Amino acid sequence: MSSHPREELERRFERRHGGPPRVAVRAPGRVNLIGEHTDYNEGLVLPCAVDRDTLVCAAPRADRRCRVFSLELGAEAEFDLDALARRGDWVDYVQAPLFALAERGHALPGLDLGVTSRVPLESGLSSSAALGVGVAAAADRAAGLGLEPVDWARVAHRGESHFVGVGCGIMDPFASALGRADHALRIDCRSQEVRAVPLAAAAVRLLIAPSGVRRQLAQGGYRERVAECSAALDVARAAGIAPPGSSALRDLGPGALPALERVLEPRLLRRVRHVVSENARVDAFCEALAKGDLAAAGALLRAGMASLRDDYEVSTPELDLLCELGDAAPGCHGSRLTGAGWGGCTLHLVDAAASEAVAERIAAGFAERFGRRPEILTARIADGAGALADPAG
Ligand code: GLA
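What you see is a predicted model; the values in this text were computed from it and never measured. (Residues numbered from 1 in each chain as written. Predicted model: local features only at pLDDT ≥ 70, side-chain atom pairs only at ≥ 80, totals over all residues. Heavy atoms only, no water.)

A. Just the overall build of the protein, in detail. Assigned secondary structure in the protein consists of 11 helices and 13 strands. Relative to its length of 393 residues, the protein is compact, with a C-alpha radius of gyration of 21 Å against a globular reference of 21 Å. Counting only residues that meet the buried cut, the protein has 56% of its 393 residues in that class. Residue pairs at least 24 apart in sequence account for 72% of intrachain contacts in the protein once pairs closer than 6 positions are excluded. A total accessible area of about 15300 Å² is found for the protein, and carbon and sulfur atoms account for 49% of it. Measuring between centres, the 46 positive side-chain charges of the protein sit 0 Å from its 52 negative side-chain charges. (Helix = DSSP H or I, 4+ residues; strand = E, 2+ residues; numbered from the N terminus. Rg over C-alpha atoms; globule rule 2.2 N^0.38 Å. Buried < 20%, exposed > 50% of the residue type's maximum accessible area, 1.4 Å probe, protein only. Contact = heavy atoms within 4.5 Å. Areas by Shrake-Rupley, 256 points an atom, 1.4 Å probe, with all protein chains shown as cover. Lys, Arg positive; Asp, Glu negative; His and termini not counted. Charge placed at Lys NZ, Arg CZ, Asp CG, Glu CD.)

This is how it looks when you write it as structure tokens:
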């Protein structure tokens, strides 16, 4: 934690709010190894928390006001707990978990809050989940609610989907709240069962290459995919291919694809084919990791990328190139876009010994085509959100 600007945050907190914070928490961003666009279909995902986190300091107030500032944005805001209202900016992600806590019947005091983040914004590492989970955890601690990390995740997800209004799945807040160092989390997004899967941390590195194309989920493509999945499910149910009570594409396995070919228009068939094959890839990837078979794991990443590009159609020329460059580099087992797509970043599974050379090949090749050098991160797989030692003040 030594490099984390916690002291700076606490100093600013005291200056801004006129007293020291009572609690401090951290919540990390996440990267998804495999299982993309499956969470809102009640399927399987395999994310991990990364060592880029958001820090939230808080102190309870005697009234119902909330005051918050963000160090990075150089911005501050005030709102009333009894009049939470969407504004269309970052403050919505602060209000959202408070909205969800109140909805669950928790009595919250007003709060003074300060936020600082090392999760790059709109980069595909889910800065929004880190903020939502961080605020949920800070509010919990400041109000003495005694919640568990899984509650922070649920509260952040409920807030993001019902207050901010983004129809996303549970993956990001679950990864941020429940991550475990050197492990990925296999999350069954239907049962919400979470299993930690060890990564061969000594042998491999995860490189994250930013496409430099920013994206926001609220933009149309994501909602469109969610709607397409739901439309495909309607057709599958009406044709008797999905069970009558089915609530998600999770209910369809690879065996259903031939029958679906007869009833779905080609675009919807491609969407379903991605979801169905991607669920299978998550378990195959876990098996490959368990056997230490990195070649098989890499092949699954490449297959996942092809499916996201050709069937789910969420890639871009930048993401395609980053993956091609990675896959062509010696020591790289496989690459794929990670997160929603349309920008954000790619993930590359590489031998530890080759990681610098692979990063250089990707950066140089990308610069040659797009005229800018991406700054490639080596992600360390971190623990999920938690309280930091109480501030001294
Ligand atoms: C975004 C959403 C997640 C998930 C991914 C795609 O990151 O926030 O819930 O749907 O896209 O896998």
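The rest of the description comes next.
B. Looking closely at the site of the ligand. Taken together, the neighbourhood of the ligand is formed by 12 residues, with Glu36, His37, Asp39, Asp172 and Tyr222 sitting nearest. One nitrogen or oxygen atom from the side chain of arginine 30 is found 2.9 Å from an oxygen atom belonging to the ligand. Tyrosine 222 has a polar side-chain atom sitting 2.6 Å from an oxygen atom of the ligand. Considered on its own, the ligand offers 310 Å² of accessible surface; in the complex 99% of this is hidden by protein. Tallied by class, residues from the shell around the ligand come to 6 nonpolar, 2 polar and 4 charged. Both domains that meet at the shell around the ligand, namely domain 1 (5-199 + 382-387) and domain 2 (204-379), each give it at least three residues. (Near = heavy atom within 4 Å. Polar contact = N/O pair within 3.5 Å; in protein donor to acceptor, adjacent residues only side chain to side chain. Nonpolar A, V, L, I, M, F, W, Y, C, P; charged D, E, K, R; others polar. Domains from an automatic or database assignment.)

C. Seen up close, empty space enclosed by the protein. Throughout the structure, instances matching the rule amount to 1 cavity of 30 Å³ or more. Of all the secondary structure elements, the ones that give two or more residues to the lining of the largest cavity are helix H2 (91-103), helix H3 (127-143) and helix H4 (149-164). Looking at the lining of the largest cavity, its residues break down into 5 nonpolar, 2 polar and 1 charged. (1 Å grid on protein atoms, 1.4 Å probe; cavity = no way out; pocket = protein on both sides within 12 Å on 5 of 7 lines; lining within 4 Å. Points joined across faces, edges and corners; volume = space filled by probe spheres on them.)

D. Fine view of the sheet that holds strand E13 (residues 386-387). Strand order in the open sheet formed by 6 strands is E5-E4-E6-E3-E1-E13, with mixed pairing between adjacent strands. Each end of this open sheet is capped by a strand with a single partner; those strands are strand E5 (75-80) and E13. Alignment of strand E3 (residues 47-60) against strand E6 (residues 111-117), held across 7 bridges, turns out to be antiparallel. Across the sheet, leucine 55 pairs through a bridge with threonine 116, a residue of E6. Contacting strand E4 (65-70), E5 and E6, H2 crosses the sheet at an angle of about 35° to E5. Packing of helix H5 (residues 171-178) onto the sheet brings it into contact with strand E1 (23-32) and E3, and relative to E1 it is tilted by some 125°. (Pairing = 2+ DSSP bridges. Axes fitted to C-alpha atoms, helices over the stretch in contact; angles between N-to-C directions.)

E. Up close: the pattern of salt bridges. Taken as a whole and assessed by the stated rule, the structure comprises 34 salt bridges. Arginine 6 serves as the salt-bridge partner of glutamate 10, at 2.7 Å between the closest nitrogen and oxygen. Highlighted residues: glutamate 10 and arginine 6, both in helix H1 (residues 6-17), separated by 4 residues, approximately one helical turn. By relative accessible area, which is 17% here, arginine 6 ends up buried. (Salt bridge = Lys/Arg side-chain N within 4 Å of Asp/Glu carboxyl O.)

F. Here's a closer look at the domain arrangement of the protein. When its domains are assigned, the protein resolves into domain 1 (5-199 + 382-387) and domain 2 (204-379). The C-alpha centroid of domain 2 is placed 25 Å from the C-alpha centroid of domain 1. Contacts between the two partners involve 37 residues from domain 1, matched on the other side by 43 residues from domain 2. When domain 1 packs against domain 2, close to 3300 Å² is buried across both sides, 60% of that on carbon and sulfur atoms. The interface formed by domain 1 and domain 2 includes 4 salt bridges. The partner of aspartate 283 in a salt bridge is arginine 186, and the shortest N-O contact between them spans 2.7 Å. Of all elements in the fold, only E1, strand E2 (44-45), E3, strand E7 (183-188) and strand E8 (193-198) reach the threshold of two or more residues within the side of domain 1 that touches domain 2. When residues in the side of domain 1 that touches domain 2 are grouped by element, the largest group, 4 residues, is from E3. Partitioning the side of domain 1 that touches domain 2 into residue classes produces 16 nonpolar, 11 polar and 10 charged. (Buried area = accessible area lost by both parts, 1.4 Å probe.)

G. Structural context of the nonpolar core. Counting 74 residues, the largest nonpolar core has Val68, Val94, Leu98, Leu252, Leu260 and Val272 as its most contacted members. The element best represented in this core is H3, accounting for 8 residues. Both domain 1 (5-199 + 382-387) and domain 2 (204-379) contribute no fewer than three residues apiece to this core. Among residues more than four places away in sequence, those in contact with leucine 98 are Cys66, Phe79, Leu81, Leu84, Leu108, Leu111, Val135 and Ala139. The next biggest cluster of nonpolar side chains, apart from the first, holds 31 residues, and it includes Val119, Ala130, Cys286 and Leu347. (Core = buried A, V, L, I, M, F, W, Y, C linked by side-chain atoms within 4.5 Å.)

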